[in-house]
Amino acid sequence: MGLLTIEDLHVAYGKVEVLRGVSLEVAEGEIVALLGANGAGKTTTLRTISGLVRGRQGRILLSGADITRLRAHQVVARGLGHVPEGRRIFGPLSVEENLRLGGYLLRRDAAEVERRIAASYTLFPRLAERRGQLAGTLSGGEQQMLAIARALMLEPRLLVLDEPSMGLAPKLVRAIFAIIQRIRTQGTSVLLVEQNARQALRIADRAYVLESGRIALSGPAAALAADPRVRAAYLGG
Amino acid sequence: MAAPDPAVRAASARMLIVAVAAGAVVLPLVASDYVIDVAISILTFDILGLGLNIVVGYAGLLDLGYAAFFAIGAYSTALLETLLHFSFWETLPPSLAFAAISGVVIGYPTLRLRSDYLAIVTLGFGEIVRIIATNLDITGGPNGIYGINPPALFGLELSSPKQIYGLAWVFLLFVLLFTRRLSLSRLGRAWISIREDETAAEAIGVPTLRVKLLAYVMGALVGGFGGSLFAARFGAIDPTGFTYLQSINFLIVVVLGGMGSTPGVLLGAVIVAGLPEALRFLALWREFGFAIGLIILMLVRPQGLWPARVTRRVSLPEDATGDPVFAGASAPRGESLLEVTDLTRDFGGVRAVSRLSFTLHRGEILSIIGPNGAGKTTVFNCLTGVTRPSGGEIRFRGIRLRSLAPHRIVALGLSRTFQGIRLFPHMTAYENVLVGMDPHHRVSLLGEIFGLPSARRDTAEHLATCRRLLLFVGLEAAAGQRAGDLAYGDQRRLEIARALGAKPEVLLLDEPAAGMNPTEKAELMTLIRRIRDLGVTVVLIEHDMMLVMGVSDRVLVMDHGTLIASGAPAEIQRDPHVIDAYLGNDEDMAEEAPEEAALWDS
């Protein structure tokens, strides 16, 4: 039994069918990459998993429990962290306040919140330097780190990341991928959506390729990286 | 909700119009004076709703004091008739003028305010007008003005309910035609663009302050027109007809019907003016029943009873082919086009850009790269007038840009795209491009309202240019689709087409490849080269090294607000400072280099 299991998921916006029967799985301790062209349905898949979008058909199981009908905050409470596309940090709040909001569901366990904020600063020393600064004034790379740290505050079993490298300088892109690998060693599995297919396949164990709302290819990351179809479409030759 | 076939929809719309027209003609033959009186009230609310819809629905400016314009129209007509013995028809031009002037008076000081503050200021304005009317002797104080003569037509006094009913229909049809032409005009598109994204509208060349002011003026004109009709209908007016509650009623007409939707507003007026009458059987509980009815309607139809339709059938001239033409095509390449000297910008204590100097030459593709937070986007914002520099000078073709508003800079020939896509998502693709063409759209508003041949010729010409731009980026098939519904890569290309609409000499692209896969990036590289070949100089901010190294003639590297290197792509890649600050240095680069090098040559 995998950590996350999606069975035959269908999603539509109005008349437009975005997902037409997606099934995929993430096992405990895995990094799984979800690749595909723009408009293929990658972001929709992530948003449906975390309860922001409602599917028409299909089931989503997290650790064996059905989360298909749960609302987003209930899904988060069951151990799923979502780092949305475009970071979506709370700009007018400080770095530390953003982290506190990430720990909102810990309620009154103040000691635990402090412990986890300290853990975030260990993982992201840069955020410790900027703890009092307004999040909106951070650079793009720092904002991405904050978005990840905020999602990690509840120590999720599964972290879903939507294009974490978008708009980042080459050096920072590599830093972000290194962080994703570290997150896995700390016991959180990762489902990763990326345009930077090369880097994503390098750190992933397995990958799925989404085309027009369906899984077109899947397999071990190394095998997909060698697949001529994937090379032509997503790795630039 | 399934969208019906446009032809079916047009046919059912025609049938509906015929049915309403037939009902309107038959009503006075069969109905009692009471029913006709209610019908006149509905028609008055229709007119006021359509006027307020310009401000609230099209331009997206919340107005809680709209009854003030209604009052100004009514009092102008009443005073001119009773004091100066004007006929009703003679009072119309001056009372419209008063209303328009008051639109400027309220509009001008409030233009820079955002919605909530604006709402409070308009609320105050509405109350001021009512209180002045209550306190002045000339306006009759709390008793108001009576003895206003009914309007006469060919010696016949229009005084019976049926005659006023006919007059109200004529007024309404007039207003309908006026607001419809406005909504389809260049100004109407500009209103919707500022409702969608005011910053983006200004930055692509829409003079937002003037456009917002015109929204107030046009709304005030219609409000004043309705007020004149109101005075003629009752023969007497007093301040209780122009209260805050009345402003709210007009707003309910618009919101309940559907903001920006003409049929919606007409229907909203039927509910707001008609439902309380239909609920008379509730006696003392009538207002209560009306309020409950409103709440239920809004819960069931939060977008309004008849929401505004977005997708329009578009008929761009099919014979408009060939590449769009730009001013820079015939100018000599290599001349200095843009000179930046010691540009500095501080945010609080942070110096985002520090004494940056560079020159842009006509016909080149120049890339600015550097770590996140290096100040690249701030440079773009200073160049386009979105941010004012703290120091230094920017000269474009010799003209100083420092104190110009963004839309003026666009008109001079410097246009841009945004890091995060900022299209007008609820407008169609071709309307987005038409808004982008605004700085060079010379059609006169009066021409568009009266449908003059010269205006039609201008419009046809602009639609042809619009089609060429869409063809150029490969989106002509998507012309009638909502921009927000387009696939991501298409949105990026549409944003480029919109920026090209301003006929720029320099195009600034802020991370155009963000979120694109290698195939899309390769297409983007081709597009950027084609833009340059048409005579448009391109400046690019980008993190994707395959793209930067592939298309650029020159590369500037920024770090911590200053220039740390500049030169040809090959030099930049070898520069140790650049590798250290930006590119990074590990086995990945060596591994990726051969494949990427192959692509740059493509």
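Residues numbered from 1 in each chain as written. Chains lettered and ligands numbered in written order. Predicted model: local features only at pLDDT ≥ 70, side-chain atom pairs only at ≥ 80, totals over all residues.

**As for the overall build of chain B**
Within chain B one finds 22 helices and 14 strands. Counting only C-alpha atoms, chain B reaches 90 × 55 × 50 Å along its principal axes. Counting all 602 residues of chain B, 48% fall into the buried class. Long-range pairs, those at least 24 residues apart, make up 76% of the contacts in chain B between residues at least 6 apart in sequence. (Helix = DSSP H or I, 4+ residues; strand = E, 2+ residues; numbered from the N terminus. Buried ≥ 20, exposed ≤ 12 C-beta atoms within 10 Å, placed from the backbone. Contact = placed C-beta atoms within 7 Å.)

**Re the overall build of chain A**
Broken down by element type, chain A carries 10 helices and 10 strands. Computed over the C-alpha atoms, the radius of gyration of chain A is 17 Å, within 12% of the 18 Å expected from 2.2 N^0.38 for a compact globule of 237 residues. With the C-alpha coordinates of chain A rotated into their principal frame, the extents come out at 45 × 40 × 35 Å. Looking at chain A as a whole, 48% of its 237 residues qualify as buried. A separation threshold of at least 6 residues defines the contact pool for chain A, and within that pool the share at least 24 residues apart is 65%. (Rg over C-alpha atoms; globule rule 2.2 N^0.38 Å.)

**Digging into the nonpolar core**
Nonpolar side chains in soluble globular proteins generally cluster together in the buried interior. Counting 243 residues, the largest nonpolar core has L192(A) and A215(B) as the members making the most contacts within it. Excluding anything up to four places from it in sequence, A215(B) contacts I54(B), V55(B), Y58(B), A59(B), L61(B) and W191(B). (Core = buried A, V, L, I, M, F, W, Y, C linked by C-beta atoms within 7 Å.)

**Describing the pairing of strand β11 (residues 506-510) of chain B**
Residues and elements named next belong to chain B. For β11, the tally of buried residues reaches five of five residues, placing the bulk of the element in the interior. Here β11 shows two buried faces, one formed by V506, L508 and D510 and the other by L507 and L509. The pairing of strand β10 (residues 414-416) with β11 spans three bridges and is parallel. Paired with L414 across the strands is V506, a residue of β11. In this fold, β11 hands off to helix α18 (residues 518-533), which returns the chain to strand β12 (residues 537-541); that crossover is right-handed. (Pairing = 2+ DSSP bridges. Right-handed = clockwise from strand over helix to strand, strands pointing away.)

**Side note on the sheet that holds strand β8 (residues 391-396) of chain B**
Residues and elements named next belong to chain B. The antiparallel open sheet is built from four strands, whose spatial order is β6-β5-β8-β9. Only two strands of the sheet have a single partner each, and these edge strands are β6 (350-361) and β9 (399-400). Looking at chain direction, strand β5 (residues 336-347) and β8 are connected through five bridges and run antiparallel. Counted as the bridge partner of L338 is F396 from β8.

**Structural notes on the interface of chain B and chain A**
Each partner contributes residues to the interface: chain B has 26 residues there, and chain A has 23 residues. Listed by contribution, the elements that provide at least two residues to the side of chain B that touches chain A are α17 (488-500), α18, α21 (576-583) and α22 (587-600) of chain B. When residues of the side of chain B that touches chain A are assigned to their parent elements, the largest contribution, four residues, is made by α22(B). For the side of chain B that touches chain A, the per-class residue count stands at 12 nonpolar, 10 polar and four charged. (Nonpolar A, V, L, I, M, F, W, Y, C, P; charged D, E, K, R; others polar.)

**Points about the packing of helix α6 (residues 161-184) of chain B against helix α8 (residues 208-234) of chain B**
Residues and elements named next belong to chain B. For the pair α6 and α8, interaxial distance at closest approach is 11 Å and the crossing angle is 175 degrees. Put simply, α6 runs roughly antiparallel to α8. Taken together, the residues of α8 that come into contact with α6 (itself represented by I164, A168, F171, V175 and L182) are M218, V222, F225, L229 and R233. Looking at the contact of α6 with α8, its residues break down into nine nonpolar, no polar and one charged. (Axes fitted to C-alpha atoms, helices over the stretch in contact; angles between N-to-C directions. Parallel < 35°, antiparallel > 145°, perpendicular 65-115°, else oblique.)

**Examining the domain arrangement of chain B**
All names here are of chain B. Along its sequence, chain B is organised into domain 1 (42-243), domain 2 (328-413 + 505-602) and domain 3 (423-503). Once you take the C-alpha centre of each, domain 1 and domain 2 turn out to be 49 Å apart. On the domain 2 side, the residues contacting the six residues of domain 1 number six residues. For the side of domain 1 that touches domain 2, the class distribution of residues is four nonpolar, one polar and one charged. (Domains from an automatic or database assignment.)

**Quick notes on the environment of P170(A)**
With respect to the helices and strands, the residue P170(A) is situated in helix α7 (residues 170-185). With 20 C-beta atoms packed within 10 Å, P170(A) lands in the buried category. Through-space distance from the C-alpha of P170(A) to that of L127(A) is 20 Å; in sequence the pair is 43 residues apart. With residues near it in sequence (within four places) discarded, P170(A) still touches H543(B), M545(B), Y582(B), L583(B) and G584(B).

**With respect to the sheet that holds strand β2 (residues 16-26) of chain A**
Residues and elements named next belong to chain A. Reading across from one edge, β2-β1-β4-β5 is the order of the four strands in this open sheet, with antiparallel pairing throughout. The open sheet has two edge strands with one neighbour each: β2 and β5 (65-66). Across five bridges, the pairing between strand β1 (residues 4-13) and strand β4 (residues 57-62) is antiparallel. In the sheet register, L4 faces β4, and the bridge partner there is L62.

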